[in-house]
Amino acid sequence: MILARLAGRDLAFERYRRMVRYRRTPKDLDRNLDTWDESFRTIGENATDVGNGFYELPSGDNDTIAAVGPKLDLPVAALIGPVCSSAIFSFAQRAKESGLVRLFGETSGGNLRGINGNGFFFVRLPASGLEFDMPIVGNFRRWPQPDRGVLPDVMVKPTAQDFAAGRDAAMEMAVRSIRS
């Protein structure tokens, strides 16, 4: 919603290639796979075989954030760092690509080469009862990317002295930037 208010126009981003490794889960494993959406069991049925054990799910060419008015015309800063992953990673990436938000801090979590999500199985191992989450959709960029997260516009690495003093150097830098 932040980018929608800052843009003044619709923002189009290239959509990731959404890939899975199966057309349908094996019946003998289904009893060990819990999920909130039963369609995950057959997610790859209409996917295109793209080789190397991958099936590409259908998707549009662009991911669009529709502008919402009135447009806000003010400086906006966001703090990012290694703990920023999942939706926050996606926000940081779009903020950076749009140029509408200045990013302060450290390289985000997540990875520009691709991320997983869009569906999970909760896998329960039958003999032990151990459970783990298994993402089922990989989201990959259409062109080569560096093996890292989103870089901030202004790199601010906290020091031991910052922690000891209870100081947030990235926040201070961002506030100074907005006020100037």
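In what follows, the structure referred to is the one given above.
Reading the values: the criteria
- Residues numbered from 1 in each chain as written.
- Predicted model: local features only at pLDDT ≥ 70, side-chain atom pairs only at ≥ 80, totals over all residues.
- Heavy atoms only, no water.
- Helix = DSSP H or I, 4+ residues; strand = E, 2+ residues; numbered from the N terminus.
- Buried < 20%, exposed > 50% of the residue type's maximum accessible area, 1.4 Å probe, protein only.
- Contact = heavy atoms within 4.5 Å.
- Pairing = 2+ DSSP bridges.
- Core = buried A, V, L, I, M, F, W, Y, C linked by side-chain atoms within 4.5 Å.
- Axes fitted to C-alpha atoms, helices over the stretch in contact; angles between N-to-C directions.

Asks: Got a minute to help me understand the environment of Thr 64 in this structure?
Replies: Mapped onto the secondary structure, Thr 64 falls in strand S6 (residues 62-65). On the basis of relative accessible area, Thr 64 is assigned to the partly exposed category, the value being 44%. Between the alpha carbons of Thr 64 and Glu 14 there is a distance of 8.6 Å; along the sequence they are 50 residues apart. Discounting chain neighbours no more than four positions away, the residues touching Thr 64 are Asp 10, Leu 11 and Ala 12.

Asks: Hey, could you run me through the pairing of strand S10 (residues 131-140) in this one?
Replies: If a strand is regular, its side chains alternate between the two faces of the sheet. As defined by bridge partners, strand S2 (residues 17-20) adjoins S10 across 3 bridges and the pair is classed as antiparallel. Of the residues in S10, the one forming a bridge with Arg 18 is Asn 139. Where strand S9 (residues 114-124) and S10 come together, 9 bridges link them in antiparallel fashion. Its bridge partner being in S10, Phe 122 is matched across the sheet by Asp 133. Connecting the antiparallel pair S9 and S10 is a turn made up of 6 residues, with Gly 129 showing a positive phi of about 80°.

Asks: What exactly am I supposed to notice about the nonpolar core here?
Replies: Side chains of a nonpolar character, in soluble globular proteins, are inclined to be buried together. Counting 19 residues, the largest nonpolar core has Leu 3, Leu 11, Ile 65, Ile 80, Val 101, Leu 103 and Val 150 as the members making the most contacts within it. Every element with two or more residues in this core is listed here: helix H1 (2-7), strand S1 (11-14), strand S7 (77-80) and helix H3 (87-98). Here the element with the most residues in this core is H1; it accounts for 4 residues. Core analysis: the next-biggest nonpolar cluster, separate from the first, contains 12 residues, Leu 33, Phe 40, Ile 43 and Ala 47 among them.

Asks: Looking at this structure, how should I read the sheet that holds strand S11 (residues 154-155)?
Replies: Two modes of strand pairing occur in sheets, parallel and antiparallel, and in both the strands are linked by backbone hydrogen bonds. Here we have 3 strands laid out as an open sheet, ordered S7-S8-S11, and parallel in their pairing. The sheet terminates laterally at S7 and S11, the two strands that pair on one side only. In this sheet, strand S8 (residues 102-105) lies alongside S7 in parallel orientation, the contact comprising 4 bridges. In the sheet register, Leu 79 faces S8, and the bridge partner there is Phe 104. Taken strand by strand, helix H5 (residues 169-179) contacts S7, S8 and S11, and its axis lies near 150° from that of S8.

Remember, this is a structural readout, not a statement about activity or role.
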